[in-house]
Amino acid sequence: MAKYDYVPSAFRSNPIVKWVDHRLPIFELIDEQLIKYPAPRNLNYMWNFGSLAGICLVIMIVSGIFLAMNYQASTLHAFDSVERIMRDVNYGWLIRYIHMNGASMFFIVVYIHIIRGFYYGSYKAPREILWWLGIVIFLLMMATAFMGYVLPWGQMSFWGATVITNLFSAIPVVGQAIVTWLWGGFSVDNPTLNRFFALHYLMPFVIAGVVLLHLWALHVHGSNNPLGIDAKGPQDKVPFHPYYTVKDALGLGVFLIVFAYFVFFNPYMLGHPDNWIPANPLVTPAHIVPEWYFLPFYAILRAVPDKLGGVLLMFGSIAILFLLPWLDTSRVRSAKFRPAYRLFFWLFIAVCFVLGWAGGQPAEGPALLIGRIATILYFAHFLVFLPLLGWFEKPLPLPSSIAEPVLGGGKMAAAAAMEKA
Amino acid sequence: MRFVKFLAVAAVLAVSSAPAMAAEVLVPPKQKWAHDGFFGTFDRASLQRGFQVYKEVCSACHAMKQMRYRNLAGIGLSEAEIAAIAAEYETTDGPNDEGEMFQRPSRASDRFKSPFANELAARAVNNGAYPLDLSLIAKNRVGGENYVYALMTGYADPPADMKIADGMNYNKWFPGHQIAMAQPIQPDGVQYADGTPATVEQMSKDVATFLAFAASPHLEARNSLGVKVMLFLFIFTGLLYATKRKIWKNLH
Amino acid sequence: MAQSGSPAVSADGTRKHPDGSTRRDFLYLATTAFGATGAALTGWAFIDSMNPSADVLALASTEVNLAAVQPGMAITVTWRGKPVFVRSRTPEEIAKAKEDDTAGLPDPQPDAKRVQKPEWLVLLGVCTHLGCVPLGQKPTDARGDYGGWFCPCHGSHYDTSGRIRKGPAPKNLEVPPYAFTNDKTIKIG
C-alpha cells in the first residue's frame, strides 16, 4: 500500500510544536500515527479489542504499582499484607479488586482480540510478524498472570506455583535441576515468592515494549478489515481521529461497565475461594484448578497420560499458533467469504470452550475423555482442517473495494459519498 | 451482528459451565441476607448479636487474626464500647525497660485475642483437630456465609448406614459429613440483650452475618461506591454513544 | 464538510457543519468533561491510597514512665516512628527558660505555654529545619549556645524550652499532644 497522503492537523503549525518537531518529531508521530492515521472505514466492533487490551495493560500496571507500595513479598507477611491492603489501606479494596478482576478482563479482551484475528484472517501476509508479536505478548501475559497469582500466598497461589513449576521437571535429565533453580530451594518458598514478585513487576513493562513493536508492525500495512481485502485508496479509509478514537472510547465505556460490575458487585466470582486460605505447604486443596483463563491449556496438559507428553502438548498448543499463517493455505483472509472455514471456525471456538470446561473438572471419567477428544480437535483444526480447507474450499467472490460494499453501491455511489463526506 | 451473537454464545457457555465446575462440592442453599444485592447493607442488630455469638461461643476455640477491635466500629459499636470490649482481653506487649514481654489490656488497635498460642497448642487441646481462623471463612468456603449458616444448622443424626468415627459428629454440609467440632450452637446458648429469641437458626444467621462482615468489611463502601460508578458509567457511555453516532453520521 | 481537500480527513472540521453544530459542540464538551471528571475521581482513589492507612492512624499511643528520670537527665522514646525528647529540667534551666521569654525570639512563645509541669519538657526531637535529630539528650552531647539542643546537620541552636534561638531552623521544637496519667507517667498521643 502506498504511503497515504494527508493534510497535517492544525496544531502542527503552532510555533512551539514546530520548534519541538524540528528537534524531536513527536507531534508529527502522534499526528501521523494516531490522529491522521488512515484506518479502513469498515472496521466493526471486533476491532475495539486491540485498544482495549492496551488500556487493560495500563490499568494493570497502574493498579499494580499502587498495590506494590503496600505488598510485602515474604512468606511470613504476604497474605497478611494483602489483607491489610483490603482492610486498612484507603481504597485498598478497590485497587486490589481492580487488579484481581482486571487480570480476568485483560484475558477476556485478549482472547476476543485473538479470535477476531482467527475469524478475519488477520495473521495472513503481510501481517505474520504482527501475529507473532501478538503471540509473544500472550505468552508474556500468561507468565505474568501466573506469577501474580502466586503473590497473595493463598492455598491456590502456593499449589498452583508448585504444580506449574513442576511442569519443567518433565524435561529429561536437567528437569529437576531447572525446577530447583526456579524455586531457589527445594520447594516453593520465600526465594520463589521474592523472585516471582520481582519478575511480576518487571514483565508488564516488557509486554509494553512488545506492544510497541506490535503497533509498529501494525502501522506498516495498517489494520486488516472485516472484508479482508486491501484498501485501494483514500476512499477506503478514514482518519483514526475522530472516527476510531470515539468508537474505541464507546467500546471502553461498555467494557468499563462490565469491569465495574465485577469489581463492585461480584469481585469473587472469577476467583477461587481456596485462595483466601493462607498457603499451607502441608495440605493440598482437594481440587486444584488454575484461574479460568488457563483452563483450556490445563485440559490439554491433562489429556495426555504421559508427563513429558502433556507438557509438550500444552506448550505445543500455543507454539502452533506461530505456524498458523502457513498452516492456513487459503488466500482469502476473511471468513465472510469462506463458508466452509466459517463452520470450522465455530467448531474451533466450541472446542476451546469444551477444553475450558474440561480443565475445570477433576481429571477422570467422561470429563477426561471429552477433554481428550477436544484436544485432538484443537490440533486437528490447525494441522488438518486449515491446510485442507485452502485446497478444497471454494471462496465466495470478493468485493472489488472496501468502499463498494460499505456504501452499498458501485463506484458512482462511492464517489458521491466522498463528495458528501 | 456476528459479534453480538458471539458474545451471547460465549456468555451462555460460560454460565452453563459454571455450575458444572462446582458440581463436585456441596453447594449450600442460598439464604436471604440484608447485605445481598446492589444496595445491600449489613443488618447492624444482627451483626452485634452475631459478634456476641462469636465472643461467647466460637472464640473459645476459633481465632480471628485479621480482625482488630477497632473494626467493631463497623458493626455499630461506639469507641467507648470498643475500648471496653478490648480491655476484657490481654495482649502481649513489650519488651519493657527490663527487657521482658508483659501482658496489658488490649486496645482498639490490637488484633482479636487468639484462644491458642499456635496451631500445635490448638490441636493439643482439641483432640488433634485445628479450629480454623474465622476471619475469612465467609470468603474461603463455597457459598460463603450460606455455608456458615448451613454448617451451623446442619447437625443431625447420621443416616443409618453411615459409621461415624470416634470423636466425630455428623453434619449434612461438612465435606465428608464428619466434623470434629460438636454442635457449637445450642438453643439459648447466648442471652441476647435485645430480647431476640436465641434459636439455633437465629444465632446461626447472626453469626454468619458477622462472619460475612469480618470477611468483607468494605462491602457497604463497595456497594455504595459501585452504584455511583455504575450510574456514572451508564451516562458516560450514553454520551459516548451519542457522540459516536454524531461523528459517524457523515460516513454512512 | 466538503471544503477540505481530502474527504477522508474532513471530519475534524466540526465547526463548519451547517446543522446542529451547537448540539454537537455541547455533546463533545459534555462527553469530554464527563470522562475527565471520572478519570480525576479514579485518580483520587489511587492517590488517597498513599495517605496513612487505618492501621497506621490507629497506632497505639505511647506511655512513658518518668520515675527513673532524675533532674537534668533526659530520655528519648518513639512515638509514631519519631523520637520524643522528655527532659527533667533543673530549677536553673526552668528559670533560664522563663527569663528568655522576653528575649528576641525568632518564634516567640512563653515557656509556660510549652510545658504542662515546668519540670517536665516534652518535645518532638525533630529539627524544624530539615528533620534531623538534634543533639543534647546525653550529658556528653553538645547542647548549643543556649543549653538546650544543638542540631549538627545545619547548626540550629535550641534553648532549655526547645525554642529556636540561632541557626536556619524557622520554628521551635514541636510539643506533641500528651497528658499526665499520674505523677510519674505520661501518655503521648
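Predicted, not measured: the structure shown is a model, and the values here were computed from it.

K.L.:
With reference to specific residues and values, describe the overall build of chain B.
P.N.:
Counting its regular elements, chain B contains seven helices and four strands. Ordered by position from N to C terminus, the α and β elements of chain B give α-α-α-β-β-α-α-β-β-α-α. A burial count over chain B gives 41% of its 252 residues as buried. By sequence separation, contacts in chain B at least 24 residues apart represent 61% of the contacts at least 6 residues apart.

K.L.:
Please set out the overall build of chain C residue by residue, giving values where relevant.
P.N.:
Helices and strands together make up the secondary structure of chain C, namely three helices and nine strands. The linear arrangement of helices and strands in chain C, starting from the amino end, is α-α-β-β-β-α-β-β-β-β-β-β. A total of 189 residues make up chain C; the buried ones form 42% of that total. For chain C, the exposed surface amounts to about 9,800 Å²; the carbon and sulfur share of it is 59%.

K.L.:
With reference to specific residues and values, describe the sheet that holds strand β6 (residues 156–159) of chain C.
P.N.:
All names here are of chain C. Strand order in the open sheet formed by three strands is β5-β6-β7, with antiparallel pairing between adjacent strands. Looking at the sheet topology across the chains shown, the edges are occupied by β5 (147–151) and β7 (164–166). The average undirected angle you get between the axes of adjacent strands in this sheet is 35 degrees. Relative to β6, β5 is paired through four bridges, and the arrangement is antiparallel. For Cys151, the partnering residue across the bridge sits in β6 and is Ser156.

K.L.:
Lay out the interface of chain A and chain B in plain terms, naming residues and giving numbers.
P.N.:
Counting residues at the interface gives 53 residues for chain A, matched by 47 residues for chain B. Together, the buried faces of chain A and chain B total about 4,600 Å²; carbon and sulfur atoms form 72% of this surface. Taken together, chain A and chain B are joined by one salt bridge. Note that Asp88 of chain A is salt-bridged to Arg70 of chain B, the shortest N-O span being 3.1 Å. Across the chain A-chain B interface, the total number found is eleven residue pairs in polar contact (both at pLDDT 80 or more).

K.L.:
So what's going on with the packing of aromatic side chains? Residues and values would help.
P.N.:
Under the defined criterion, the tally for this structure stands at 58 aromatic pairs over all chains. Ring centres of Phe107 of chain A and Phe294 of chain A lie 5.9 Å apart, and the angle between their planes is 70 degrees; on these two criteria the pair is classed as edge-to-face. Taken together, the residues span a long stretch of sequence, with Phe107 of chain A in helix α5 (residues 92–120) and Phe294 of chain A in the loop between α10 (240–265) and α11 (295–303) at a distance of 187 residues. Judged by its relative accessible area of 2%, Phe107 of chain A falls in the buried class. Each residue in the set Phe42, Phe51, Tyr54, Tyr69, Tyr89, Phe112, Phe210 and Phe213 of chain B is aromatic and connected to the rest through ring pairs, giving one cluster. Stacked on the ring of Tyr45 of chain A, the Lys or Arg Lys247 of chain A has its end atom at 4.6 Å from the ring centre.

K.L.:
Provide a residue-level description of the sheet that holds strand β3 (residues 82–88) of chain C, including the pertinent values.
P.N.:
All names here are of chain C. Ordered by their spatial adjacency, three strands build an open sheet running β2-β3-β4, and the pairing between neighbours is antiparallel. Edge positions in the open sheet fall to β2 (74–79) and β4 (120–124), since each of these has one partner strand only. Each strand of the sheet is rotated relative to its neighbour by a mean of 20 degrees, with strand direction disregarded. Pairing between β3 and β4: five bridges, direction antiparallel. Paired with Val84 across the strands is Leu124, a residue of β4.

K.L.:
If you had to explain the side chain of Thr165 of chain A to someone new, which residues and values would you point to?
P.N.:
Residue and element names in this part refer to chain A. Looking at the element boundaries, Thr165 is found in helix α7 (residues 155–166). Relative accessible area serves as the criterion here: at 4%, Thr165 is assigned to the buried category. A polar contact is formed between the side chain of Thr165 and the backbone oxygen of Ala161, at a distance of 2.5 Å. If near-sequence neighbours (up to four positions away) are discounted, Thr165 is found in contact with Phe146, Val179, Leu182, Trp183, Val188 and Phe196.

K.L.:
Run through helix α3 (residues 79–87) of chain B, naming residues and quoting values.
P.N.:
Within an α-helix, residues lying three or four positions from one another point in the same direction, as the helix has 3.6 residues per turn. Residue and element names in this part refer to chain B. Listed as buried for α3 are Ile82, Ile85 and Ala86. When α3 is viewed along its axis, its buried side chains cluster within an angular range of 100 degrees and face the same direction. Buried residues along α3 sit against α2 (44–56).

K.L.:
If you had to explain the pattern of salt bridges to someone new, which residues and values would you point to?
P.N.:
Applying the stated criterion across every chain yields a total of 26 salt bridges over all chains. Note that Asp328 of chain A and Arg338 of chain A form a salt bridge whose closest N and O atoms lie 3.3 Å from each other. With Asp328 of chain A in the loop between α12 (307–327) and α13 (339–359) and Arg338 of chain A in the loop between α12 and α13, this residue pair connects regions lying ten residues apart in the sequence. The burial state of Asp328 of chain A is the same as that of Arg338 of chain A; both residues are buried. Measuring nitrogen to oxygen at the nearest pair gives 2.5 Å for the salt bridge that ties Lys166 of chain C to Asp145 of chain C. With a gap of 21 residues between them, Lys166 of chain C in strand β7 and Asp145 of chain C in the loop between β4 and β5 connect regions that are remote in the sequence.

K.L.:
I'd like to hear about the state of the cysteines, residue by residue, with values.
P.N.:
Under the counting rule described, the total for this entry stands at one disulfide over all chains. The partner cysteine of Cys132 of chain C in its disulfide is Cys153 of chain C, sulfur to sulfur 2.1 Å. Looking down the S-S bond of the Cys132 of chain C and Cys153 of chain C bridge, the torsion is -100 degrees, so its handedness is left-handed. Residue Cys132 of chain C is located in the loop between β4 and β5, and its partner Cys153 of chain C is located in the loop between β5 and β6; the two are separated by 21 residues in the primary sequence. For Cys153 of chain C, a relative accessible area of 38% translates into the label partly exposed. The thiol of Cys61 of chain B is unpaired, and the distance to the nearest cysteine sulfur, on Cys58 of chain B, comes to 9.2 Å. Of the cysteine sulfurs around Cys127 of chain C, a residue in no disulfide, the closest is that of Cys151 of chain C, at 3.8 Å. Its relative accessible area of 3% is what places Cys127 of chain C among the buried residues.

K.L.:
Tell me about the pairing of β2 of chain C, and please be specific about residues and values.
P.N.:
When a strand is regular, its side chains alternate between the sheet's two faces. Residue and element names in this part refer to chain C. As judged from the six bridges shared by β2 and β3, these two strands associate in the antiparallel manner. Each residue of the ladder has a partner; that of Thr78, found in β3, is Pro83. Between β2 and β3, which follow one another and run antiparallel, lie two residues, and Arg80 among them has a positive phi close to 55 degrees.

Reading the values: the criteria
Residues numbered from 1 in each chain as written. Chains lettered and ligands numbered in written order. Predicted model: local features only at pLDDT ≥ 70, side-chain atom pairs only at ≥ 80, totals over all residues. Heavy atoms only, no water. Helix = DSSP H or I, 4+ residues; strand = E, 2+ residues; numbered from the N terminus. Buried < 20%, exposed > 50% of the residue type's maximum accessible area, 1.4 Å probe, protein only. Contact = heavy atoms within 4.5 Å. Areas by Shrake-Rupley, 256 points an atom, 1.4 Å probe, with all protein chains shown as cover. Pairing = 2+ DSSP bridges. Axes fitted to C-alpha atoms, helices over the stretch in contact; angles between N-to-C directions. Buried area = accessible area lost by both parts, 1.4 Å probe. Salt bridge = Lys/Arg side-chain N within 4 Å of Asp/Glu carboxyl O. Polar contact = N/O pair within 3.5 Å; in protein donor to acceptor, adjacent residues only side chain to side chain. Phe/Tyr/Trp six-rings, centres within 6.5 Å; stacked < 30°, edge-to-face > 60°. Lys NZ or Arg CZ within 6 Å of the ring centre and 35° of its normal. Arc of directions from axis to C-beta. Disulfide = S-S within 2.5 Å.

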